[in-house]
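Next come the chains, spelled out residue by residue.
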Amino acid sequence: IHLDNGERCVYAEQQYPGLEARPVWESMDWLTDLAERHGQKICDELKYKAPSLPFTRWTDPNSTRDYDSGWGMVHLHHYRPHLDKKCPRDLFPYTVNAIADVKAPMAPRYTSLARQRADRAIRSHTDRIPWMLTAHLPLFGPTAGEAALVVNGTRVPWIPMQPTVVDTTFHHYAENTHPSQDI
């Protein structure tokens, strides 16, 4: 069903009376802690190890033969046990340990390293998961706001080492208008 004049789309059985819904939230302590204490080393590990991953390891659920969103994810934790066993945690040991160190809540979803390629965008969609928020910590990429998540019409720039927290039950899309630099 559509709620809030079509701005959010969620399943009816997942509604919680009195629960506040807003597209953009303040950063959470654990996410700020992750950025401040571990951000640079996570960034270094990613820059060193990610190029060796085959292209097929970057999951891109939004792409088709006719549409390349430029979005890709490598899951470090998956909420389904049979898929969690396939996550390449051993490739990013510092990152996995840093997430555990700051006591990041492990929701019934996945924890991933993601990238949005330059000059690409994901189509607007909703994740339809109203029981949790989505946290992003951009590690490196454009610094002038060319990369962003747009949630319910609110543009939230992805700036390296500046955490963002959003409610992805609202329609949202990601974009990176920089001509050559991924985030």
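Computed from a predicted model, the values in this text were never measured in an experiment.

Next up on the list: the overall build of the protein chain. Within the protein chain, the regular secondary structure consists of three helices and 11 strands. Element order for the protein chain, N to C, with α for helix and β for strand: β-β-β-α-β-α-α-β-β-β-β-β-β-β. Relative to its 183 residues, the protein chain shows a buried fraction of 43%. Long-range pairs, those at least 24 residues apart, make up 70% of the contacts in the protein chain with a sequence separation of at least 6. Of the roughly 10,400 Å² of accessible surface on the protein chain, 53% is carried by carbon and sulfur atoms.

This next bit is on the sheet that holds strand S3 (residues 24–25). Read from one edge to the other, the open sheet built from three strands follows the order S3-S10-S7, with strand pairing classed as antiparallel. A strand with exactly one partner marks an edge of an open sheet, and here the two such strands are S3 and strand S7 (134–136).

Strand order in this open sheet of four strands is S6-S11-S8-S9, and the pairing throughout is antiparallel. Edge strands, defined here as strands with exactly one partner in the open sheet, are strand S6 (120–121) and strand S9 (154–157). Pairing of strand S8 (residues 147–151) with strand S11 (residues 172–176) involves five bridges; the strand directions are antiparallel. Within S11, the residue paired with valine 151 across the bridge is histidine 172.

Now for the packing of aromatic side chains. Given two aromatic rings, their pairing is described by the distance between the two centres and the angle made by the two planes. By the definition in use, this model includes one aromatic pair. Ring geometry for tryptophan 71 and tryptophan 158: centres 6.2 Å apart, planes at 25°, overall stacked. Here tryptophan 71, found in strand S4 (residues 71–77), pairs with tryptophan 158, found in the loop between S9 and strand S10 (164–166); they are 87 residues apart in sequence, far enough to count as distant. With a relative accessible area of 13%, tryptophan 71 lands in the buried category.

Taken together, the four bridges between S8 and S9 define a ladder with antiparallel strand orientation. Of the residues in S9, the one forming a bridge with leucine 149 is valine 156. In this structure, the hairpin formed by S8 and S9 is closed by a connection of two residues, where asparagine 152 is found at a positive phi of approximately 55°.

Conventions adopted
- Residues numbered from 1 in each chain as written.
- Predicted model: local features only at pLDDT ≥ 70, side-chain atom pairs only at ≥ 80, totals over all residues.
- Heavy atoms only, no water.
- Helix = DSSP H or I, 4+ residues; strand = E, 2+ residues; numbered from the N terminus.
- Buried < 20%, exposed > 50% of the residue type's maximum accessible area, 1.4 Å probe, protein only.
- Contact = heavy atoms within 4.5 Å.
- Areas by Shrake-Rupley, 256 points an atom, 1.4 Å probe, with all protein chains shown as cover.
- Pairing = 2+ DSSP bridges.
- Phe/Tyr/Trp six-rings, centres within 6.5 Å; stacked < 30°, edge-to-face > 60°.

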